[in-house]
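Single-letter residue listing:
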Amino acid sequence: MTVLVTGARGNLGSRLIAHLHSGGHRVLATARDTAGLDVPTGVATTALDLTAAEPAVLDGARTAFLYPTFGDISPFLKAARSAGVEHLVLLSSPAAYDPIEHAGPIGLAHKAIEAAVRDSGIEHTVLYPSWLATNVTRDWGDQIRAGKVAVAHPEWRVNPIHLGDYAEVAADLLTREQFRGRSLVLTGPESLSQREVVAQVAATLGRPIEVEELTRAAALASRPAWFPEAMFASLLDVAANLGDRPATVNNNVERVLGRPARTFAQWTQDERESFGA
C-alpha cells in the first residue's frame with residue numbers, strides 16, 4: 001500500500017513523510033514543483049497539482065494526505081475515487097468553525113475544501129490542528145533574534161501543538177482505521193497567552209525578549225507582505241473577540257498516540273536552533 005502525501009515541501013508534510021518512511025510505509029511525496037525537494041532516501045517523488053486531474057499519480061495509493069489547496073480539487077478527487085483511494089486525511093483549520101473566523105476569508109476557504117472532500121464520496125477524516133508551534137518562527141523569527149516581539153493582543157491565549165505530534169497522528173490515520181472519523185480536533189496540552197509563548201522562547205534561549213503591544217492599525221501596517229490583508233485582519237478580529245479567555249485544550253493526541261501531547265516548552269527545546277540560538 002502506498003500513502004500519497006501532498007504538500008511535501010511544508011513543515012507538516014515533510015515531517016509526515018519522514019515519520020511514515022521511518023515506520024516502514026511506502027510513501028509517494030508530491031509537490032507542484034519537485035525541484036530540490038528533500039525527502040528521505042527511498043521515498044518516491046512526483047509533481048502534482050491538486051487543481052488538475054492526474055490519475056496516473058494515484059496508481060497504488062490507498063490513502064492520501066491532502067494539504068489545503070485553494071482552488072477546484074474536484075477533478076483530482078474524482079480521479080482518486082476511480083483509482084481506489086480508500087481514505088483521505090485533510091488538513092483543515094479551526095477557522096472553519098471558530099467564533100468570528102468561521103465566517104471570515106480563512107474559514108470560508110477551508111469550508112469550501114471540506115465540502116469538496118465530503119462531496120467526493122471518499123471516506124475521510126478532517127484534521128483540525130490548533131495553533132501550530134511553527135507560527136512562532138514564521139511570524140516572529142526575525143523579531144525574536146532582535147530581542148523584541150511586537151504583537152497585537154498579547155494576552156490572546158492559544159494552544160500550541162508540537163508538529164511532531166500532528167505528524168504522528170496524521171500518520172496513524174493514514175495507516176490504521178482505529179481513530180478515523182469525520183473530524184478530529186488536535187490541541188497542545190496547555191493554554192498560553194502570546195506573551196507567555198514569547199516568554200517560553202526567551203527561557204529556552206536564556207535571554208530576554210521584550211513584548212510590545214500593537215494597536216490594530218499598527219499591526220495591520222506591519223503585516224508581512226506574504227499574508228493577505230483580509231486574512232490577517234480576520235485573525236486580529238479573532239484575537240480581539242476572545243481576549244484572555246482560555247484556549248481549548250483536549251486529549252485527542254494522547255487518545256491516538258497513547259502518550260501525552262508534547263508541551264510548547266518541548267517544542268522550543270527541539271527547535272532551539274531555528275530561533276538563532
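Small disclaimer: the values here were computed from a predicted structure and weren't measured. (Residues numbered from 1 in each chain as written. Predicted model: local features only at pLDDT ≥ 70, side-chain atom pairs only at ≥ 80, totals over all residues. Heavy atoms only, no water.)

### Examining the overall build of the protein
Short version of the rule: Only DSSP runs of H or I covering at least 4 residues are called helices, and only runs of E covering at least 2 are called strands; the numbering of each starts at the N terminus. The globule rule used for comparison is 2.2 Å times the number of residues to the exponent 0.38, while the radius of gyration itself is calculated over C-alpha atoms. Using a 1.4 Å probe on the protein chains alone, a residue whose accessible area is under 20% of its type maximum counts as buried, one over 50% counts as exposed, and one in between counts as partly exposed. Charged-residue counts in this description rest on Lys and Arg as positive and Asp and Glu as negative, His and the chain ends being excluded. Here the site of a charge means atom NZ of a Lys, CZ of an Arg, CG of an Asp or CD of a Glu.
Within the protein, the secondary structure is distributed over 10 helices and 11 strands. Its C-alpha atoms give the protein a radius of gyration of 19 Å, near enough to 19 Å, the size a compact globule of 277 residues would have. On the principal axes, the C-alpha backbone points of the protein span a range of 55 × 35 × 35 Å. Classification of the 277 residues of the protein by burial places 47% in the buried group. Charge separation in the protein, taken as the distance between the mean sites of 25 positive and 31 negative side-chain charges, equals 2 Å.

### Section: the layout of surface pockets
Put simply, the test is: A 1.4 Å probe that fits into a set of points on a 1 Å grid over the protein atoms alone but cannot get out defines a cavity; an open set with protein on both sides within 12 Å along at least five of seven lines defines a pocket, and lining residues are those with an atom within 4 Å of a point. Grid points are joined across faces, edges and corners, and a volume is the space filled by probe spheres set on the points. Side-chain classes are defined by residue name, with Ala, Val, Leu, Ile, Met, Phe, Trp, Tyr, Cys and Pro counting as nonpolar, Asp, Glu, Lys and Arg as charged, and the others, Gly among them, as polar.
One number sums up the size of the second largest pocket: a volume of about 220 Å³. Lining the second largest pocket are 14 residues, with Gly-7, Ala-31, Arg-32, Tyr-67 and Thr-69 sitting closest to its centre. Residues that form the lining of the second largest pocket fall into these classes: 6 nonpolar, 5 polar and 3 charged.

### Regarding helix α6 (residues 194–205)
For clarity, the cut-off: The span you would expect from a helix comes to 1.5 Å times its residue count less one. The arc in question is traced by the directions running from the helix axis to the C-beta atoms. Here, two residues are considered to be in contact whenever any of their heavy atoms come within 4.5 Å of each other.
For α6, which comprises 12 residues, the first-to-last C-alpha distance of 17 Å matches the rise-based estimate of 16 Å (1.5 Å per residue) to within 8%. Of all the positions in α6, only Gln-194, Val-197, Val-198, Val-201, Ala-202, Thr-204 and Leu-205 are classed as buried. Angularly, the buried residues of α6 cover 160° about the axis, an arc narrow enough to put them on a single face. Next to the buried residues of α6 lie α4 (135–146), β7 (148–152), β8 (157–158), β10 (192–193), β11 (210–214) and α10 (264–270).

### Digging into the sheet that holds strand β4 (residues 61–66)
For clarity, the threshold we go by: Strands are labelled as partners when DSSP assigns at least two bridges between them. Axis definition: a line fit to C-alpha positions, over the contact stretch in the case of helices; interaxial angles, taken between N-to-C directions, run 0 to 180 degrees.
The strand order β3-β2-β1-β4-β5-β6-β9 describes an open sheet built from 7 strands, whose pairing is parallel. At either end of the open sheet lies a strand with only one pairing partner, and these are β3 (44–47) and β9 (183–186). Put simply, the sheet's adjacent strands are angled 20° from each other on average, direction ignored. Bridging between strand β5 (residues 87–91) and strand β6 (residues 123–129) involves 5 bridges; their strand directions are parallel. By the bridge assignment for β6, Leu-91 is matched with Leu-127. Contacting β4, β5 and β6, helix α3 (residues 105–120) crosses the sheet at an angle of about 175° to β5. Relative to the sheet, helix α5 (residues 163–175) contacts β1 (2–5), β4, β5, β6 and β9, its axis offset from that of β6 by approximately 175°.

### Some points on the pairing of β1
Just so we agree on the cut-off: Place the viewer so that the strands point away; then a crossover is right-handed whenever the path from the first strand over the helix to the second strand goes clockwise.
Alternating residues of β1 divide into Thr-2 and Leu-4 and Val-3 and Val-5, and every residue in both groups is buried. Sheet topology note: the β1/strand β2 (residues 26–31) ladder contains 4 bridges and is parallel. Bridge assignment links Thr-2 to a residue of β2, and that residue is Arg-26. In this fold, β1 hands off to helix α1 (residues 11–22), which returns the chain to β2; that crossover is right-handed. Sheet topology places β1 next to β4; 4 bridges connect them, and they run parallel. Its bridge partner being in β4, Thr-2 is matched across the sheet by Ala-61.

### What to know about the nonpolar core
Here is the rule we go by: Joining through side-chain atoms within 4.5 Å is the link that ties buried Ala, Val, Leu, Ile, Met, Phe, Trp, Tyr and Cys residues into a set, and such a set is a nonpolar core.
With 53 residues, the main nonpolar core has Leu-127, Val-136, Ile-144 and Tyr-166 as its most contacted residues. With 7 residues, the single largest contributor to this core is α5. Non-local contacts of Tyr-166, meaning those with residues more than four positions away in its chain, are made with Leu-12, Phe-65, Leu-91, Leu-127, Pro-129, Ile-161 and Leu-186. By size, the runner-up hydrophobic cluster in this structure holds 23 residues, among which are Leu-4, Leu-50, Leu-77 and Leu-88.

### A word on unusual backbone geometry
Of note in this structure, Ile-100 is not a glycine but carries a positive phi near 70°. With respect to the secondary-structure elements, Ile-100 resides in the loop between β5 and α3. Residue class for Ile-100 comes out partly exposed when judged on its relative accessible area of 40%.

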